[in-house]
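For reference, the chains in residue letters:
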Amino acid sequence: MATPISLFVLLLLLCSSSIVAQSANFSYNGFNQSNLKLVTANVLKPSGALRLTENIQKAIGHAFYPDPIHFRLNTSSSNPNKTISSFSTHFVFQIVPSGSSRGGHGLAFTISPAMEFPGAEAGHYLGILSEATDNNSSNHLFAVEFDTVNGFNDTFDRDGNHIGVNINTMSSVEKELAFYYDGGDKEEMTLESGDPIQAWVDYDGSNWFLNVTIAPISKLEKPIQPLISIAIDLSPVLLENMYVGFSAATGNKSSAHYILGWSFGLNGAAPPLNLSKLPVVPVEKKSSRFKPEIKAILGALSVVVVILVAALLIVMAYRRRLNFESLEEWELDCPHRFKYKDLHVATKGFKESELLGTGGFGAVYKGALPTTGEEIAVKKIMSNNSVQGMREFAAEIECLGRLRHKNLVNLQGWCKRKNDLLLVYDYIPNGSLDSLLYHPKNGFVLNWEQRFHIIKGIAEGLVYLHEEWAQVVVHRDVKSSNVLIDGEMNGRLGDFGLARLYNHGTISHTTNVVGTIGYIAPELAQTGKASTSSDVFAYGVLLLEVACGRGPIVDDPERGRVILVDWVIERLQTGGMVDVVDPNLGPGYAVDEMELVLGLGLLCSNPKAEARPSMREILRYLNGDDLLPGIDKLESAIGARQVQETMARFFISSDGVTTSSSIGQISSSSFKAGR
């Protein structure tokens, strides 16, 4: 029978064993209430983050659990290999480099016989070894290093941003670049990214197997596949009582090293950390090391810089005021003036991929305003002829800057920088009428209803220009390429670079011939005087284009290039309406509307200006408010052979285009033959 004294001794041993076992399991979600042994390290208040090193050079910091851990097992165990306890630890660390440059050098989870390392060096030795003690079996040191800087000789680990397992030396027995497994995918991590990183170190004492795993703080569960998995016997390394903790060091490069949470378990899994309760590392301001003399010099230089900047701003404001006072009248009356850099960004530097089209005036680019994302069209006026370019630039701003109508292209603003002249319009998504008529994409064909709607809209826009606005606006370049089609298939007249203004009740004084061959009225070719009637002539050609699906100049297999008006008359005379209607329309058009458009087109393109209707009358014909004059009346209106011959001579000399004189010979029967 056991004596009372032996029972007391047995009970005392059991209690002692229980105390050791209890002390070997701990968990810290922040370190405000911890009793860790700290050497140059400190706990930040009130966050609770454990800072091993500040962001300074050649610093060392240690933090250890204060009680020793009993790692040795009873050698009489049934498993002769099981002489070392299993252990598990889970911690969250954060390495914050100095500024934008890479820092150094890293930290290590360590198991050592003592909590201090006399003579240990900073830098690559991480504050736990030195050149004299490295690779000494008497160290009894186990460490898992989180290294951020390349080694400095062939003996040391040469790759930065890696994790290594070290036994008594800084040369790792096993190492891997930092990454984790997300399912089956391998994801790289940067140890000194400044973001919190989780780490697990698990040792199986029965099977002599070590696993090291890392993951970002966003991973709520430990990855199934570890980063490092090796067979290793720690029995020669670990003594009966050892201390667990962390060491960190910096070198010529520096980083701040933090531990945010830590748990440890002996012969079982480490207690879980509550990631939501972990401290947040505060933004630290680097203390200034400047001497007072240097601070004074910097302060004086700062004052000088402020004075110079202020003076520069005053000069710029004064020059801008002078420039504003010298602005021309049209610049003061303009709508919005855009910044060149905004238009440059909007068009991707006027990249060729954004080019919508080119012409004699310059080029048009698609863009998107960087401030709002609104789509725009930017016309860049050709600057090789600065006088003509500026004249067209000013004319367009003067006209469109104040005009507002649903069938006119809206001018949003302008920009002038040296020789760069830019106009900014609403972006019209469906492009120009001529491209839809002659170069349809993806088999798209404008149907008759859409065409009739477009020409009515352009008629309304011209009525506004000729009669309804404060002054008379003569466009002087009405043609299908200047008619843009918006998202609702409305026709919108644009390009006012050749437009001229004059007061109601007066006569235009323009004397130069401008426009496009095929659209130029005969009297304009003779006198150079543009009028609303010359716009009507061009509109008549536009009507014939829409109905016939042909341009203002027709390539006739027998006669070469022929004016569209002559081509229509000859076809009506020899055949009928079906011979001139755009074959792409098929039978899908209203015959009465087609007759109206063809007849109105011929009436508007009459060589005698006085025989042409006004745009107001044309709009009434299109709306059905008035009936088009009978075809016999149309015949008498089209006569004047000598005027036609004059027009022919003009076109022959200008573009080598021939024209017939058959306009006065059309009969009622030939026009009606197509029905």
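It should be emphasised that the depicted structure is a prediction, and the values quoted were computed from it without experimental measurement.

Criteria and cut-off values
Residues numbered from 1 in each chain as written. Predicted model: local features only at pLDDT ≥ 70, side-chain atom pairs only at ≥ 80, totals over all residues. Heavy atoms only, no water. Pairing = 2+ DSSP bridges. Helix = DSSP H or I, 4+ residues; strand = E, 2+ residues; numbered from the N terminus. Patch = residues over 30% accessible without salt bridge, like charges linked within 9 Å, V, L, I, M, F, W, Y side chains within 5 Å. Areas by Shrake-Rupley, 256 points an atom, 1.4 Å probe, with all protein chains shown as cover. Salt bridge = Lys/Arg side-chain N within 4 Å of Asp/Glu carboxyl O. Buried < 20%, exposed > 50% of the residue type's maximum accessible area, 1.4 Å probe, protein only. Axes fitted to C-alpha atoms, helices over the stretch in contact; angles between N-to-C directions. Parallel < 35°, antiparallel > 145°, perpendicular 65-115°, else oblique. Left-handed = near helix turned anticlockwise from the far one by under 90°. Contact = heavy atoms within 4.5 Å. Nonpolar A, V, L, I, M, F, W, Y, C, P; charged D, E, K, R; others polar. Phe/Tyr/Trp six-rings, centres within 6.5 Å; stacked < 30°, edge-to-face > 60°. Lys NZ or Arg CZ within 6 Å of the ring centre and 35° of its normal. Core = buried A, V, L, I, M, F, W, Y, C linked by side-chain atoms within 4.5 Å. Lys, Arg positive; Asp, Glu negative; His and termini not counted.

With that settled, consider the pairing of strand β12 (residues 179–182). Taken residue by residue, a regular strand's side chains alternate between the two faces of the sheet. Pairing analysis gives four bridges linking β12 to strand β13 (residues 185–188), with the strands arranged antiparallel. Paired with Asp-182 across the bridge in β13 is Asp-185.

As a further point, take a nonpolar patch on the surface. A contiguous nonpolar patch, built from Val-305, Val-309, Leu-312, Leu-313 and Met-316 and spanning about 470 Å² of accessible area, is present on the exposed surface. Its relative accessible area of 46% is what places Met-316 among the partly exposed residues.

Bringing the packing of helix α9 (residues 532–548) against helix α10 (residues 564–574) into the picture now. Helix packing for two helices is described by the angle between their axes and how far apart those axes are. In the contact formed by α9 and α10, the axes pass within 10 Å of each other and the chain directions differ by 55°. Here α9 is positioned oblique relative to α10, judged by the angle of their axes. The element α9 and its partner α10 pack so that their crossing is left-handed. Within the contact between the two elements, α9 uses Val-541, Leu-544, Glu-545 and Cys-548 and α10 uses Leu-564, Val-565, Trp-567 and Val-568. When grouped by side-chain class, the residues that make up the contact of α9 with α10 number seven nonpolar, no polar and one charged.

Right, let's talk about the packing of aromatic side chains for a bit. According to the stated counting rule, one finds 22 aromatic pairs in the structure shown. Seen from their ring centres, Trp-448 and Phe-452 are 6.1 Å apart, and the 35° between their planes marks the pair as tilted. Placement of the pair is Trp-448 and Phe-452 together in helix α7 (residues 448–468), with a separation of four residues, close to one helical turn. Of the two residues, Trp-448 and Phe-452, neither departs from the other in class, the shared state being buried. Over the face of the ring belonging to Phe-350 we find Lys-380, whose NZ or CZ atom lies 4.3 Å from the ring centre.

Turning our attention to the environment of Pro-429. Examined against the element boundaries, Pro-429 turns out to sit in the loop between β24 (420–426) and α6 (433–438). Separated by 53 residues in sequence, Pro-429 and Ile-376 place their C-alpha atoms 9.8 Å apart. With near-sequence residues (within four places) excluded, Pro-429 lies in contact with Ile-485, Asp-486 and Gly-487.

With that settled, the discussion passes to the nonpolar core. Ranked by size, the top nonpolar core spans 72 residues in total, and within it Leu-433, Leu-465, Tyr-539, Val-568 and Met-594 carry the most contacts. The element contributing the most residues to this core is α9, with eleven residues. Leaving out residues up to four positions away in the same chain, Tyr-539 has contacts with Ile-455, Lys-456, Ile-458, Ala-459, Leu-462, Val-478, Met-615, Ile-618 and Leu-622. Counting residues in hydrophobic clusters, the runner-up holds 55 residues, among them Tyr-180, Val-201, Leu-227 and Val-237.

Our focus in this paragraph is the side chain of Asp-556. Following the sequence through the fold, Asp-556 ends up in strand β29 (residues 553–556). For Asp-556, which is buried and forms no salt bridge, the nearest opposite charge comes from Arg-571, at a distance of 4.5 Å. Setting aside residues up to four positions removed in sequence, Asp-556 forms contacts with Val-562, Trp-567 and Arg-571.

Turning our eyes to something else, we now look at the pattern of salt bridges. Counted according to the given criterion, the structure contains 15 salt bridges. The shortest N-O distance in the salt bridge between Glu-570 and Arg-559 comes to 2.7 Å. Taken together, the residues span a long stretch of sequence, with Glu-570 in helix α10 and Arg-559 in the loop between β29 and β30 (560–563) at a distance of eleven residues. Using a relative accessible area of 33% as the deciding quantity, one classes Arg-559 as partly exposed.

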